[in-house]
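Topology and contacts: notes
One-letter residues, chain by chain:
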Amino acid sequence: EAQVTQNPRYLITVTGKKLTVTCSQNMNHEYMSWYRQDPGLGLRQIYYSMNVEVTDKGDVPEGYKVSRKEKRNFPLILESPSPNQTSLYFCASTTIGGGGETQYFGPGTRLLVL
Amino acid sequence: AQSVTQLDSQVPVFEEAPVELRCNYSSSVSVYLFWYVQYPNQGLQLLLKYLSGSTLVKGINGFEAEFNKSQTSFHLRKPSVHISDTAEYFCAVSVLSGGYNKLIFGAGTRLAVHP
């Protein structure tokens, strides 16, 4: 079954404690991205990757890091989480083409930073 | 800069009634338009998309949307909703940015279907 998986689904942590949210896709997609969803703001892109070892900032990259060492995995790293990073996070993947491609989303990771 | 405006943050409706969720976008170039749905505690899934051709696009679960270039709108409609349509709906536009096609989302519309 074609899917994007994220772990963990729920996470409560404290300010400053490093954490990683994993993302994996089994569709051989080149393009992967991370979004955060906040009430009234919709989804905003944090980082994206167009292929292995190719990553770039999205609209709200501050406080986040990513890596793309393998095509299927795209972890999101919060080196020193702060309460303003409390949010719902989604990983997504798609092929790269003319722009009309469908993005496939993971189930989301709900993060609370105390 | 491109943007997407969803005019209603919440839409309450009775079961079997029709519904329209409004979406306007701003872009000076041709765009691709999408509607995604997010059911409670789930990720987003594609409802429908407009790439080119006919301006009336049919999607899953009986939804359809009409692309109106002159009004820069892409409103989503369903003639008769079910309780199971209760979800959050996101309009999005795909625009070329820095050599790749980026999705820009609206703030979302929460559809609440009441019995």
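Each remark here, short or long, concerns the structure printed above.
Now for a quick tour of the structure. The structure presented is a predicted model; accordingly, all values stated were derived computationally and were not measured. (Residues numbered from 1 in each chain as written. Chains lettered and ligands numbered in written order. Predicted model: local features only at pLDDT ≥ 70, side-chain atom pairs only at ≥ 80, totals over all residues. Heavy atoms only, no water.)

1. Re the overall build of chain A
Worth spelling out the cut-off: Every helix listed is a DSSP run of H or I at least four residues long, and every strand listed is a run of E at least two residues long, numbered separately from the N terminus. Here the globule rule reads 2.2 Å times residues to the power 0.38, and the radius of gyration is calculated from C-alpha atoms. The cut-offs for exposure are 20% and 50% of the maximum accessible area for each residue type, with area from a 1.4 Å probe on protein chains only; residues under the lower value are buried, those over the upper are exposed, and the others partly exposed.
Across its full length, chain A carries zero helices and eleven strands. Ordering the α and β elements of chain A from the N terminus gives β-β-β-β-β-β-β-β-β-β-β. For a compact globule of 114 residues, the expected C-alpha radius of gyration is about 13 Å, and chain A comes in at 13 Å, within 12% of that figure. Each principal axis of the C-alpha atoms in chain A carries an extent, and together these give about 40 × 30 × 25 Å. Within chain A, the fraction of its 114 residues that count as buried is 50%.

2. Observations regarding the overall build of chain B
The line we're drawing: Note on contacts: a residue pair is in contact if any heavy atoms of the two residues lie within 4.5 Å. Note on areas: Shrake-Rupley with a 1.4 Å probe; residue coverage comes only from the protein chains shown.
Looking only at helices and strands, one finds zero helices and twelve strands in chain B. Counting from the amino terminus, helix and strand elements in chain B follow one another as β-β-β-β-β-β-β-β-β-β-β-β. The C-alpha radius of gyration of chain B comes to 14 Å, within 12% of the 13 Å expected for a compact globule of 115 residues. Considering chain B as a whole, with its 115 residues, one finds that 44% of them fall into the buried category. Here the contacts in chain B between residues at least 6 apart in sequence split such that 55% fall between residues at least 24 apart. Accessible surface, chain B: about 5,500 Å² in total, of which carbon and sulfur atoms supply 51%.

3. What to know about the pairing of strand β6 (residues 54–57) of chain A
Residue and element names in this part refer to chain A. For clarity, the threshold we go by: Note on pairing: two strands pair once DSSP finds at least 2 bridges between them.
Sheet analysis places strand β5 (residues 42–51) next to β6, joined by four bridges and oriented antiparallel. Residue Y48 lies in a different strand from β6, and its bridge partner there is D56. Hairpin connection from β5 to β6: two residues lie between these consecutive antiparallel strands, with E53 at a positive phi of about 65°.

4. Re the interface of chain A and chain B
Let me state the cut-off plainly: Summed over both partners, buried area is the accessible surface (1.4 Å probe) that two parts give up on being assembled. Every case where a carboxyl oxygen of Asp or Glu lies within 4 Å of a side-chain nitrogen of Lys or Arg is listed as a salt bridge. Throughout this description, a polar contact denotes any pair of N or O atoms lying within 3.5 Å of each other; where both atoms belong to protein, one of them has to be capable of donating a hydrogen while the other can accept it, and for residues adjacent in sequence the pair is counted only when both atoms sit in side chains.
Between chain A and chain B, the residue contacts involve 25 residues of the former and 22 residues of the latter. Both sides together, the interface formed by chain A and chain B hides about 1,700 Å², and carbon and sulfur atoms give 51% of it. Applying the counting rule to chain A against chain B returns one salt bridge. Of the charged contacts, one joins D59 of chain A and K102 of chain B as a salt bridge, the two residues approaching to 2.6 Å between their closest N and O atoms. At the boundary of chain A with chain B, the tally comes to six residue pairs in polar contact (both at pLDDT 80 or more).

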